[in-house]
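If you want the building blocks of each chain, they are given just below.
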Amino acid sequence: MKKILVAGAAASLMFAAASANAISVNGEVGEHYTHLGVGFGTTSPGLALSGEWTHNDDDGDVAGLGLGYNIPLGPFMATIGGKGLYTNPKDGDEGYAAALGGGLQLPVAKIFSLYGEYYYSPDSLSSGIGSYTEANAGVRLTAIPLVTVSVGYRYMSMDGKDGNRDNVVADGAYLGGAINF
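The model shown is predicted, which means the values in this text are computed figures rather than measured ones.

**Student:** Let's hear about the side chain of Asp 61: which residues, and what values?
**Tutor:** Considering the arrangement of structural elements, one finds Asp 61 in strand β4 (residues 60-73). Notably, Asp 61 is buried but unbridged: the nearest opposite-charge side chain belongs to Lys 90, and the N-O separation is 7.2 Å. In terms of polar contacts, Asp 61 uses its side chain to reach the side chain of His 55, at 2.5 Å. If sequence neighbours within four positions are ignored, Asp 61 has contacts with Trp 53, Thr 54, His 55, Tyr 86, Thr 87, Asn 88 and Met 158.

Next up, the structure:
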């Protein structure tokens, strides 16, 4: 019971810290995949919490929760953190992965910014798959603070395990959008 109370208190503090920052809901559409996400504090300094789901009809699904810390470095905003992922490859066993990584955001002009991120989970931090790799880079246009349009490239792969094939959930350009509160 004590562990549940401590976990609940920690979760409450995380959500209270995240609620002070901006909330965004986003979506991306690529040629063979769809990606949906929600973020709390992902564009401001401090604690950031995110959730995401990516689907590919031929290669499966990945869903995850991320926790990071945004650090302003001059014009850049650097993020370090990790993600807990549920993996469900089309050819293979469903399982999990704990990926570590981070990203960078750089405002280029008043309404444009460049961004990129990379996360990796080795076989030792994965179950049901060999390893997990995720990379994402692109350009964002924020003409009004409530709406963001993005163009980028996303790569997400789950290496096969126990004779199963590799599953590449996302590998291509996308067009995306976000609503920021």
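That covers the picture; the talk isn't over yet.
**Student:** Before we move on, can you summarise a nonpolar patch on the surface with the specific residues and values?
**Tutor:** A cluster of nonpolar side chains, namely Tyr 69, Ile 71, Leu 73, Phe 76, Ile 80 and Leu 104, defines an oily patch on the protein surface of about 540 Å² accessible area. With 3 residues, β4 is the largest single contributor of residues to the nonpolar patch.

**Student:** How would you explain the packing of aromatic side chains if you had to name every residue and give the values?
**Tutor:** If you walk through the whole model with that rule in mind, you get 0 aromatic pairs. Taking the ring centre of Tyr 119 as reference, the NZ or CZ of Lys 83 above it sits at 4.4 Å. For Arg 140, the ring lying beneath its charged end belongs to Tyr 115, and the centroid distance is 3.8 Å.

Cut-offs and rules
- Residue positions are given per chain, counted from 1 along the sequence in the order it is written.
- Only residues with pLDDT of 70 or above have their local features reported here, since the model is predicted, and side-chain atom pairs are shown and tallied only from 80 upward, although totals for entire chains, interfaces and linings are computed over all residues.
- Excluded from the side-chain calculations are hydrogens and water; all other atoms, namely the structure's heavy atoms, are used.
- A run of DSSP states H or I qualifies as a helix once it reaches four residues; a run of E qualifies as a strand once it reaches two. Both are numbered from the N-terminal end.
- Burial status follows relative accessibility: with a 1.4 Å probe on protein chains alone, a residue under 20% of its type maximum counts as buried, one over 50% as exposed, and anything between as partly exposed.
- The charged-residue count follows a simple rule in which Lys and Arg add positive charge and Asp and Glu add negative charge, with His and chain termini not counted at all.
- Any carboxyl oxygen of Asp or Glu that lies within 4 Å of a side-chain nitrogen of Lys or Arg is treated as forming a salt bridge with it.
- Any pair of nitrogen or oxygen atoms within 3.5 Å is treated as a polar contact; in protein, a donor-acceptor pairing is required on top of that, and neighbouring residues in sequence qualify only through side-chain atoms on both sides.
- Whether two residues touch is decided by their heavy atoms; if any such pair falls within 4.5 Å, the residues are in contact.
- Here a patch means residues that are over 30% exposed by relative accessible area and free of salt bridges, tied together within 9 Å if like-charged and within 5 Å if nonpolar (Val, Leu, Ile, Met, Phe, Trp, Tyr).
- Per-residue accessibility takes into account occlusion by the displayed protein chains alone, with areas from the Shrake-Rupley method and a 1.4 Å probe.
- Pairing of aromatic rings covers Phe, Tyr and Trp, the last through its six-membered ring, and needs centres within 6.5 Å; plane angles under 30 degrees mean stacked, over 60 mean edge-to-face, and all others mean tilted.
- The rule for a charge over a ring is simple: NZ of Lys or CZ of Arg within 6 Å of the ring centre, and within 35 degrees of the ring normal.

Everything listed here is a matter of coordinates, which is why it stays silent on function.
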